[in-house]
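# Remarks on the overall topology
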Amino acid sequence: MLRALDRFEETIITVLIGFATILIFTAVVHRFLAGLPAFYPYMRHINLGWAQELCIYMFVWMAKFGAAYGVRQGVHVGVDVLLNKLKGAFKHRVILFGILCGVTFTAIVGTMGALFVYDLSHTTSTTPDLEWPAWIVYLAVPLGSYLMCFRFIQVAVTFYHTGEMPHHDVMHVDGLEEELKGVKS
């Protein structure tokens with residue numbers, strides 16, 4: 001189940017950033033070609049005015065799910081200068097306290113976001129260009145925050161039992177070792 005959640009999280013982030021990149025590129029090319037007299041008659045009928053709004057929403061969703069991914073992978077920036085000077089059980093308690101602060105904060109933001117989305121869903125509020133129900137866009141806040149809260153809980157449980165924090169090796173690329181094994185054979 002957790003593996004499926006991991007893949008879902010990664011797929012959402014990848015699809016959103018990929019589609020946003022393609023959409024931004026298309027909108028820029030369209031704007032450039034529409035400015036050329038030879039292409040204007042063909043381009044003036046194509047309306048991509050909604051593209052910027054959609055890209056903003058995609059980046060918001062990507063950031064919320066990306067933050068949860070960052071907690072899971074241990075890639076969030078942290079100031080640990082003082083923490084590195086601590087020793088033993090006290091250091092363990094301080095780290096666990098910090099993780100539990102992350103759990104609390106993301107749970108509060110998720111709950112406030114859920115209440116906001118619930119209230120917004122009972123209105124006729126829509127997005128400016130796409131005219132989508134606004135609550136759909138803001139759903140990123142509770143979903144992303146609760147996922148991040150869940151990831152903090154995972155880290156807290158693992159740290160409590162093992163003393164290990166997730167860490168990311170910047171030199172590691174998933175799938176590369178299998179590819180390299182095939183090349184060496």
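Details of the structure are given in the entry above.
Read on for a plain summary of the structure. It should be emphasised that the depicted structure is a prediction, and the values quoted were computed from it without experimental measurement.

### Things to note about the nonpolar core
Ranked by size, the top nonpolar core spans 31 residues in total, and within it L23, M58, I99, M148 and F152 carry the most contacts. Secondary structure elements with two or more residues in this core: α1 (2-34), α3 (51-73), α4 (88-121) and α6 (140-162). Tallying contributions element by element places α3 first for this core, with 11 residues. Once residues lying within four places of it in the same chain are set aside, the contact partners of M58 are L16, F19, A20 and L23.

### Some details on the layout of surface pockets
Estimated volume of the largest pocket: approximately 620 Å³. Elements with a contribution of two residues or more to the lining of the largest pocket: α3, α4 and α6. No other element matches the 6 residues that α4 contributes to the lining of the largest pocket. Partitioning the lining of the largest pocket into residue classes produces 13 nonpolar, 7 polar and 2 charged.

### Overview of the packing of aromatic side chains
Overall, the coordinates contain 2 aromatic pairs when judged by the stated rule. Arranged with centres 6.0 Å apart and planes meeting at 10°, the rings of W61 and F65 form a pair that is stacked. Taken as a pair, W61 and F65 lie in helix α3 at a separation of 4 residues, close to a single helical turn. Judged by relative accessible area, F65 falls into the buried class, the value being 7%. Residues F116 and Y138 carry aromatic rings whose centres are separated by 5.2 Å and whose planes lie at 80° to one another, so their mutual orientation is edge-to-face. Of this pair, F116 sits in helix α4 while Y138 sits in helix α5 (residues 134-138), placing them 22 residues apart in sequence.

### Considerations on the environment of L16
Note on placement: L16 falls in helix α1. L16 sits 42 residues away from M58 along the chain, and the two C-alpha atoms are 5.8 Å apart. Beyond its immediate stretch of four places on either side in the chain, L16 contacts M58, W61 and M62.

### Quick look at α1
Between its first and last C-alpha, α1 extends 47 Å over 33 residues, near the 48 Å set by a 1.5 Å rise per residue. Those residues of α1 that are buried are in contact with α2 (40-43), α3 and α6.

### Regarding the pattern of salt bridges
Close approach of charged atoms allows side chains with opposite charge to pair. Per the counting criterion, the structure on display carries 6 salt bridges. The residue R72 makes a salt bridge to E9 at a minimum N-O spacing of 2.9 Å. Residue R72 is located in helix α3, and its partner E9 is located in helix α1; the two are separated by 63 residues in the primary sequence. Per residue, the accessibility class of R72 equals that of E9, and both read buried. Close ionic contact of E10 with R72 constitutes a salt bridge, the shortest N to O distance being 2.9 Å. Taken together, the residues E10 in helix α1 and R72 in helix α3 connect sequence positions 62 residues apart. With relative accessibility at 21%, the residue E10 sits in the partly exposed group. Judged by relative accessible area, R72 falls into the buried class, the value being 17%. Here the residues in one salt-bridge network are D6, R7, E9, E10, R72 and R151, joined through shared partners.

Parameters and conventions
- Residues numbered from 1 in each chain as written.
- Predicted model: local features only at pLDDT ≥ 70, side-chain atom pairs only at ≥ 80, totals over all residues.
- Heavy atoms only, no water.
- Core = buried A, V, L, I, M, F, W, Y, C linked by side-chain atoms within 4.5 Å.
- Buried < 20%, exposed > 50% of the residue type's maximum accessible area, 1.4 Å probe, protein only.
- Helix = DSSP H or I, 4+ residues; strand = E, 2+ residues; numbered from the N terminus.
- Contact = heavy atoms within 4.5 Å.
- 1 Å grid on protein atoms, 1.4 Å probe; cavity = no way out; pocket = protein on both sides within 12 Å on 5 of 7 lines; lining within 4 Å.
- Points joined across faces, edges and corners; volume = space filled by probe spheres on them.
- Nonpolar A, V, L, I, M, F, W, Y, C, P; charged D, E, K, R; others polar.
- Phe/Tyr/Trp six-rings, centres within 6.5 Å; stacked < 30°, edge-to-face > 60°.
- Expected span 1.5 Å × (residues − 1).
- Salt bridge = Lys/Arg side-chain N within 4 Å of Asp/Glu carboxyl O.

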